[in-house]
Amino acid sequence: MIIDVATAHPACRKWDTGADEGDHMTHTMSALVLNGPGDVQLAEKPIPEPELGEVVLAVEATTICGTDLRIISGEKTTGVRPGVTLGHEIAGRIASLGEGVEGLTVGQQATVSIVVSCGTCRACLAGREHLCSHCELIGYGIDGGLAPWLCVPARAVARGNVIPVASEMPANRLALAEPLSCVLNGHRRHGGVNPGETVVIIGGGAIGLLHTQLNLACGAGQVILCEKHADRRDRAAAMGAVTTSPDHLVEVVAERTDGFGADLVIVAIGRNELAEQSLDLAAPGGRVSWFAGFPKGSTATITPNTVHYQELTVSGGSNARRADVHRAVEMLGRGDIDEAPIVTHTFGLSQWTDAVDAVRGHAGVKIAIDPRR
């Protein structure tokens, strides 16, 4: 059964009346489309209607991340399909259900787990679906959330990738479920944080601030955040972190740990020289998380004996599982993570170039686009 958003739920009716009437008359919508590497523009696409097993979301907010910038510039091409609608940090509302969809209700606020895995490869069977050999990503190869409507494919719906919320929250907060789920995956990979431990986070962008809130909420004794922009240091300090500029990081860590080093070092900026520095900042027996993605094909020089003699554990974190997205939604719903210091600006879809420029220019921290505007 196909359920029409215009008659199904008051919240959806409200959303529908805010859309452009001409779009509905012509059954098209504006979408931010990747034509090819470095070639992105607003284009008209059909407003999706769900077929068997599909779900259509009315998108209420999509936030922009560094990966989006790399796709837009043409730097990132792996897994990216020409013609795709961009946007993978998505908050929306279930607008309509295709025949056969069970367990979801029109009008529910929801997000999506963007990793559409096969469920049968060795990685999936080992519980590492985000490392699936055959995975597709929403906003990369499957149409994403930089459009007013998003159709979630039946194979993703069947895998449980549509994740409704238990209680309503601001759309800009729910859009953080995707980056927070990645942070939670990285947190699990490096073994979490023990009460009283010292955590160093290099990078005070949205990811660094999410790591800051998460580690403080989990009982870290102190979080030292390194960031070159004073405004972002101020935001981290307001969360309870000790902050420093890159020029003073080594001395601040030494002072705050009596020269011992940090129990956990998280690299949240993809700069090659930080691979070595992060090892030097860690305490004996410490953990290092190379969370950020480094430039494709790049290499770094490290001193392997630092890992050997200091008995360091080094881990990476890439993307997230559906379980991580569920946990992120729960945390956001409880208010464990405050989006206000992170999502600092909202633009309309027609202002997408301004939004991208704001991300590139480090205006604020996380930039949201409301595709209804």
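Conventions adopted
- Residues numbered from 1 in each chain as written.
- Predicted model: local features only at pLDDT ≥ 70, side-chain atom pairs only at ≥ 80, totals over all residues.
- Heavy atoms only, no water.
- Pairing = 2+ DSSP bridges.
- Helix = DSSP H or I, 4+ residues; strand = E, 2+ residues; numbered from the N terminus.
- UniProt positions renumbered as here; feature names shortened; annotations may be inferred.
- Buried < 20%, exposed > 50% of the residue type's maximum accessible area, 1.4 Å probe, protein only.
- Contact = heavy atoms within 4.5 Å.

Asker: Sorry, what's going on with the pairing of strand 2 (residues 39–46) here?
Answerer: On any regular strand, side chains alternate: one points to one face of the sheet, the next to the other face. The pairing of strand 1 (residues 28–36) with strand 2 spans eight bridges and is antiparallel. Paired with Leu34 across the bridge in strand 2 is Val40. Counted along the chain from strand 1 to the antiparallel partner strand 2, the turn is two residues long, and its residue Gly38 has a positive phi close to 80°.

Asker: What is the right way to look at the UniProt feature "domain: Alcohol dehydrogenase-like N-terminal" (unreviewed entry) in the protein in this model?
Answerer: The positions that UniProt labels "domain: Alcohol dehydrogenase-like N-terminal" (unreviewed entry) are, in the present scheme, residues 53–158. The distance separating the terminal C-alpha atoms of residues 53–158 is 7 Å; by composition the span is 16% helix and 29% strand.

Asker: Teacher, can you tell me more about helix 12 (residues 273–281) here?
Answerer: What sets the pattern is the α-helix's 3.6 residues per turn: residues three or four places apart point alike. Residues of helix 12 that are buried include every one of Leu274, Ala275, Glu276, Ser278, Leu279 and Leu281, and no others. Where the residues of helix 12 are buried, they touch strand 10 (198–202), helix 11 (249–256), strand 13 (262–267), strand 14 (282–290), helix 13 (304–310) and strand 15 (313–316).

Asker: Got a minute to help me understand the UniProt feature "domain: Alcohol dehydrogenase-like C-terminal" (unreviewed entry) in the protein in this structure?
Answerer: The sites that UniProt annotates as "domain: Alcohol dehydrogenase-like C-terminal" (unreviewed entry) are residues 206–332. Helix makes up 45% of residues 206–332 and strand 21%. Its end C-alpha atoms lie 15 Å apart.

Asker: It is not clear to me how the pairing of strand 10 should be interpreted in this structure. Could you clarify?
Answerer: Counting buried positions along strand 10 gives five out of five residues, so the element sits mostly inside the fold. Of the two faces of strand 10, both are covered, the one formed by Thr198, Val200 and Ile202 as well as the one formed by Val199 and Ile201. Taken together, the five bridges between strand 10 and strand 11 (residues 222–226) define a ladder with parallel strand orientation. Bridging across to strand 11, Val200 finds its partner in Ile224.

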